[in-house]
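Results of the structural survey
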Amino acid sequence: MTRNRSLVARLFLLLAAAVLLAGPVLAQGLRLPAVIGDHMVLQRGGAVPVWGWAEPGAEVSVEFKGQTKTATAGDDGKWRVDLDAMDASAEPAEMTIVSGNQTIRVLDILVGDVWLCSGQSNMEWRIKQSANPQQEIANANWPQIRHIATPHTQSMTPQDDANAQWTVCSPQTAENYTAVGYYFARRLHQELGVPIGLLNCTWGGTRIEPWTPVSGFAKVEQTRGIYVDTVRRLPGTELFRQLDAEDPNQALGPLPPYNRHQQPTMLYNAMMAPLVPYAIKGSIWYQGEANRADGMEYFYKTRALVEGWREVWENPELPYYFVQIAPFRYGNDDPNRLPELWEAQSRVEREINHTGMVVISDIGNINDIHPKNKQDVGLRLANLALHQAYGRSELVFSGPRFDSIDARGDEGVIVVTFTQTAAGLKSRDGQSLTHFEVAGADGTWHPADAAIMSANPIKVIVSSDAVAEPVAVRLGWHKTAEPNLMNSAGLPASPFRAGELPD
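It should be emphasised that the depicted structure is a prediction, and the values quoted were computed from it without experimental measurement. (Residues numbered from 1 in each chain as written. Predicted model: local features only at pLDDT ≥ 70, side-chain atom pairs only at ≥ 80, totals over all residues. Heavy atoms only, no water.)

**Re the overall build of the chain**
The number of helices and strands found in the chain is 11 helices and 23 strands. Across its three principal axes, the chain shows a C-alpha extent of roughly 95 × 60 × 40 Å. Here the chain holds 503 residues, and 52% of them are scored as buried. Contacts in the chain between residues at least 24 apart in sequence constitute 72% of all its contacts with a sequence separation of at least 6. Put simply, the chain shows about 21900 Å² of open surface, and 48% of that area lies on carbon and sulfur atoms. Measuring between centres, the 43 positive side-chain charges of the chain sit 6 Å from its 56 negative side-chain charges. (Helix = DSSP H or I, 4+ residues; strand = E, 2+ residues; numbered from the N terminus. Buried < 20%, exposed > 50% of the residue type's maximum accessible area, 1.4 Å probe, protein only. Contact = heavy atoms within 4.5 Å. Areas by Shrake-Rupley, 256 points an atom, 1.4 Å probe, with all protein chains shown as cover. Lys, Arg positive; Asp, Glu negative; His and termini not counted. Charge placed at Lys NZ, Arg CZ, Asp CG, Glu CD.)

**Some thoughts on the state of the cysteines**
Disulfide: a covalent bond connecting the sulfur atoms of a pair of cysteines. A complete count under the given rule lists 0 disulfides for this structure. Here Cys169 stays unpaired: no disulfide links it, and the sulfur of Cys117, its closest cysteine neighbor, is 13 Å away. Here Cys201 is not disulfide-linked; the sulfur of Cys117 is the nearest cysteine sulfur, at 8.8 Å. Look at Cys201 and you get buried, because its relative accessible area is 0%. (Disulfide = S-S within 2.5 Å.)

**Quick look at the nonpolar core**
Note that soluble globular proteins tend to have their nonpolar side chains buried in a common cluster. Residues Trp79, Met95, Leu199 and Tyr278 are the most contacted members of the largest nonpolar core, which totals 117 residues. Residues Leu433, Ala448, Val462 and Phe496 belong to the second largest nonpolar core, which totals 19 residues. (Core = buried A, V, L, I, M, F, W, Y, C linked by side-chain atoms within 4.5 Å.)

**Let's talk about the environment of Thr167**
Checked against the element boundaries, Thr167 lands in strand E9 (residues 167–168). Sequence separation of Thr167 and Ile145 is 22 residues, and the distance between their C-alpha atoms is 8.8 Å. If sequence neighbours within four positions are ignored, Thr167 has contacts with Ile145, Arg146, His147, Thr173 and Tyr177. Looking at Thr167, its side chain comes within polar contact range of the side chain of Tyr177, at 2.7 Å. (Polar contact = N/O pair within 3.5 Å; in protein donor to acceptor, adjacent residues only side chain to side chain.)

**Observations regarding the packing of helix H4 (residues 179–192) against helix H11 (residues 374–388)**
Where H4 meets H11, the axes come as close as 7 Å, and the angle between the chain directions of the two elements is 45°. On the basis of their axis angle, the class for H4 and H11 is oblique. In this structure, H4 crosses over H11, and the sense of that crossing is right-handed. For the pair formed by H4 and H11, the contact residues are Ala179, Val180, Tyr183, Phe184, Arg187, Leu188, Glu191 and Leu192 on the first element and Lys374, Gln375, Val377, Gly378, Leu379, Leu381, Ala382, Asn383, Ala385 and Leu386 on the second. (Axes fitted to C-alpha atoms, helices over the stretch in contact; angles between N-to-C directions. Parallel < 35°, antiparallel > 145°, perpendicular 65-115°, else oblique. Left-handed = near helix turned anticlockwise from the far one by under 90°.)

**Notes on the sheet that holds strand E19 (residues 449–453)**
An order of E14-E15-E20-E19 is seen for the 4 strands of this open sheet, with the pairing classed as antiparallel. Looking at the sheet topology across the chains shown, the edges are occupied by strand E14 (401–408) and E19. Looking at each pair of strands side by side, their axes are set apart by 25° on average, direction ignored. (Pairing = 2+ DSSP bridges.)

**Concerning the sheet that holds strand E23 (residues 496–499)**
As summarised here, the arrangement of the 4 strands in space is E18-E17-E21-E23, forming an open sheet in which the pairing is antiparallel. With partners counted over all chains shown, the strands left at the sheet margins are strand E18 (445–447) and E23, one partner each. Adjacent strand axes in the sheet meet at a mean angle of 20° when their direction is disregarded. Direction of pairing for strand E17 (residues 436–439) relative to E18: antiparallel, over a ladder of 3 bridges. The residue bridging Ala439 from the neighbouring strand is Trp445, located in E18.

**A few points about helix H6 (residues 224–231)**
What H6 keeps buried is the set Ile226, Tyr227, Val228, Thr230 and Val231. Residues of H6 that are buried sit in contact with helix H5 (214–218) and helix H7 (238–246).

**Focus on the packing of helix H9 (residues 297–312) against helix H10 (residues 337–351)**
At a minimum axis separation of 8 Å, H9 and H10 run at an interaxial angle of 40°. As judged from the angle between their axes, H9 and H10 are oblique. Crossing of H9 against H10: the hand is right-handed. On H10, the residues that touch Tyr298, Phe299, Tyr300, Thr302 and Arg303 of H9 are Leu341, Ala344, Gln345, Arg347, Val348 and Glu351. When its residues are assigned to classes, the contact of H9 with H10 shows 6 nonpolar, 2 polar and 3 charged. (Nonpolar A, V, L, I, M, F, W, Y, C, P; charged D, E, K, R; others polar.)

**Concerning the pattern of salt bridges**
One pass over the full model with this rule turns up 29 salt bridges. For Asp294, the salt bridge is made with Arg207, and the minimal N-O distance between the two is 3.6 Å. Separated by 87 residues along the polypeptide, Asp294 in the loop between strand E11 (282–286) and H9 and Arg207 in the loop between strand E10 (196–202) and H5 bring together distant segments of the chain. The class of Asp294 is buried, set by a relative accessible area of 14%. Two residues, Lys301 and Asp294, come together in a salt bridge whose shortest N-O distance is 2.9 Å. Side by side, Lys301 and Asp294 carry an identical accessibility label, which is buried. (Salt bridge = Lys/Arg side-chain N within 4 Å of Asp/Glu carboxyl O.)

**Focus on the confidence of the model for the chain**
Overall, the predicted model of the chain reaches an average pLDDT of 94, with 94% of residues at or above 70. Taken as a whole, residues 1–27 scores under 50 in pLDDT and shows 2 contacts with residues more than four places along the chain or in a different chain. (pLDDT = per-residue confidence, 0-100.)

**Quick look at H4**
Between its first and last C-alpha, H4 extends 20 Å over 14 residues, near the 20 Å set by a 1.5 Å rise per residue. Burial analysis of H4 places 11 of its 14 residues in the buried class, the great majority of the element. Those residues of H4 that fall on the buried side of the exposure criterion are Ala179, Val180, Gly181, Tyr182, Tyr183, Phe184, Ala185, Arg186, Arg187, Leu188 and His189. Between a side-chain oxygen at the N-terminus of H4 and the backbone nitrogen of Gly181 the separation is 3.1 Å; the capping residue is Thr178. Within two residues after H4, Gly193 carries a phi angle of roughly 70°, on the positive side. (Expected span 1.5 Å × (residues − 1).)

Written out as structure tokens, the structure is:
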């Protein structure tokens, strides 16, 4: 028995010594995060961070396309340089990173635009799962489109690396790309003629909260409670000490750490933080099904997400373009629940700068929560980006948006004014306009007739024989509604409600 204990003790000491010896070697070796790797696309037109790890105190030099930048690794081994702004280039280039006698060469690098693609399953949905997969995959010969996807994982604290790698778009690689992201990138590449890189951070069924940095929750009054709850689970951190200092009576003690991927910050920390501060042009987002019961809370959570991303990427004007989720049956859900989420999404577009929304009510499938037509979703997001981020003012990027109403009680009608009408409004199927409703002072909604008025601005006049003096109007206010109002460019109107109703 004594001999066995002695053997176990010696083995334990040997293992401990091996760990102690191995630790510094790993920490001191020159290393890059996975996102800085072969086949990557670097962002044109601005400073480009390049970072990694080396022996503490060691000098590191980075050479790329005639630039040489140097940095000194900190006590924790971390270093960072910022390359000067570069023009787009489709000519493959090599980056050389040197520290002492260690050298890393990163090959086949292009310079263009990089976009973050994030959300739940409809952004994660792959080309092979979407419409016309065989032909799309066979035609996916776009070597200037590059893609990197971080694997599904979770963490209570921000991680500095992920098990991921860049791939070059080809028929051999494209089947597993985010379909929306790929069709978005293809359109941008065709129109702009520059390389496009996609950072794919997606996980089906996930809520918005786990994709949000903790700092984002702190920036929005309505999500401050999530911030406090999250920080209380981080004892020993500077954030915890700051929160503790705000409460001198120490009423806010520590809480157990989160342990599920659906909890706040867990996916940002594990899947997105390893990509920060990689320079990006902007972000596209397709999510909301998992938060469909939130109503207007979703607006505040989205503000926290956007503000948090803009802080960590050090870009207060980082574009955020998103998809208003499609109509769907959603089992026994209240039919009004989903429209309330649509309303919150519409508010994001109106009130948060440098954001934009695409509507897909005409290309969804009320019997399939994953509509197969991802081509048009990507196309609409790309046209939105081309208009707003690239100044292509001639492109029609949006369907009709509600602007104002004129309730003419004495005439028994409500006149609705829209923006984003392009060359005019029309019915998608040539039939009478659908899914309009009006209500009188009693607050009861009734189906309504609607007709397009030839005026400038173009308006829609709405009325119902059941409501003598309408005071409120709404469009598409049902979870399966697919209104046929669109503009001349074929883009659908977004659901809305407006008017004065009793409490």
